[in-house]
Amino acid sequence: MSNKMWGGRFTSSPDAIMEDINASIDFDRHLYRQDIAASKAHAEMLAKQGIIAADDAKKIAHGLDTILSEIESGKFDFKRALEDIHMNVESRLAELIGAPAGRLHTARSRNDQVATDFRLWVRDSIDALDKALADYQRALAEKALEHAAAVMPGFTHLQTAQPVTFGHHLLAYVEMVARDRGRFADARKRLNESPLGSGALAGTSFDLDRDMTARALGFDRPSANSLDAVSDRDFVMETLAAASIASIHLSRLAEEIVIWASPLTGLVKLSDKFTTGSSMMPQKRNPDAAELVRAKAGRIVGALQGLLIVMKGLPLAYAKDMQEDKEGAMDALSALSLSIAAMTGMVRDMEPDIARMKKAAAEGYATATDLADWLVRVLKMPFRDAHHATGRIVAKAAEQGVPLHRLALEKMREIEPRIGEDVFTVLSVDRSVKSRVSYGGTAPRNVRAQAKKWLRKLEKDKS
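This write-up is about the structure you can find in this document. (Residues numbered from 1 in each chain as written. Predicted model: local features only at pLDDT ≥ 70, side-chain atom pairs only at ≥ 80, totals over all residues. Heavy atoms only, no water.)

## A closer look at unusual backbone geometry
The amide bond that connects L316 to the next residue, A317, takes the cis arrangement and shows omega of 10°. With respect to the helices, strands and loops of the structure, A317 is situated in the loop between α11 (288-311) and α12 (326-349). Not every positive phi belongs to a glycine, and H157 is a case in point at roughly 60°. Phi is positive for K380, close to 60°, though the residue is something other than glycine. Summarising the element assignment, K380 is placed in the loop between α14 (368-379) and α15 (383-400). (Helix = DSSP H or I, 4+ residues; strand = E, 2+ residues; numbered from the N terminus.)

## Brief notes about the pairing of strand β2 (residues 159-165)
Looking at chain direction, strand β1 (residues 151-156) and β2 are connected through 6 bridges and run antiparallel. Looking at the pairing, G154 lines up with Q162 of β2. Counting the residues that bridge the hairpin from β1 to β2 gives 2 residues, and of these H157 lies at a positive phi of roughly 60°. (Pairing = 2+ DSSP bridges.)

## Quick look at the pattern of salt bridges
If charged atoms from side chains of opposite charge come close, those side chains can pair. Within the structure shown, the criterion is met by 35 salt bridges. Here R92 and E95 are joined by a salt bridge, their closest N and O atoms 3.0 Å apart. Of this pair, R92 and E95 both sit in helix α5 (residues 85-97), 3 residues apart, which is roughly one turn of that helix. The exposure class assigned to R92 is partly exposed, which follows from its relative accessible area of 22%. A salt bridge links K462 to E459; the shortest N-O distance between them is 3.6 Å. Of this pair, K462 and E459 both sit in helix α18 (residues 444-462), 3 residues apart, roughly one helical turn. A single network of salt bridges, built from pairs that share partners, joins E70, K79, R92 and E95. (Salt bridge = Lys/Arg side-chain N within 4 Å of Asp/Glu carboxyl O. Buried < 20%, exposed > 50% of the residue type's maximum accessible area, 1.4 Å probe, protein only.)

Structure below.
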């Protein structure tokens, strides 16, 4: 028999395998709110333009509201034979209101319909992610303020470099999240134009008011080219690119939490809320939440790569390949949302071992740069000479098996005779971090000021 979706050109039903590979309802059912909203806007516009009767538009709107209620209450019967969310909604609408349902698809195609629905869904996802990222920033800034003066080792190459504060370290991630939010905001701005009314690819001969539907759906404007409107998936790729970078930032802190929580370092503790045990080893406390955040970055980056490969060779306009744009993106943005929530929880939950952090910060001759700076500032040595002298003093301390601040003054004077007793004022980790007062530096007063600034901004943005 003829397929109702495709019309009289087809005289028999598709093979079961064709039905399986062609159906998208298993994942595009998540577009139901957006699909119904776009359909209501389209019907209202058709009536206003005199393309369909006002009474038919009212029946369509009422029927769509009924379908929305059925889906949200779990009473709607999704049918794979109807392929996608659009035909499932339209078929049920016909059962509810009869012939007027057939007028809804006037002057539109599933091509512009899905492009509209998915833009709306991605836009809603960006808005939700932005709120979650703001909460994550708040958690980081609050913890940074609380531990603005807690000294910890700063690393390069995962080797002890210079002392920093725990608060300063956390604020680095606040800055990363700010850039993540900026990328999502940019993606949202570019996606916010309406494809609805572009038809299959060439527009329509009906006198549509595309500005009206764009306004009704919260878009800034209608799309200017019908070919581009139905074939564009830049908005998904750009959002996934922003999601990928955000996931990498989350993964970096997750990795640090795994390192910090290890007994080898013992710099932070996580409670039972974000750790798990072992089925064999009763002593274990595993940072599994952090490990899973670290792993989910692979899924998110993979979704971006998958879509880029799908789109790379497609001629204009629409091709069925583009049905593969949704499942990976939906999974990726869901994984990102969960990762943000997990990281926010872990940041609020973790407690630094301040004494152990400070002890670790003092190891590895972390104040060697402070010594070199003292030689430059007090003895007026060229920095390269000071660097060389400091390296020899560090070697002497290592030979003696003592930290820099415990090395005898006479041993230092064997290398640089002009060194005075006051050199010891710069060799403690506390004095080191307090001295880093340049803008953006780790000095506790800087950290407190930056943390408070971020908390004020986040509170202002929320209101």
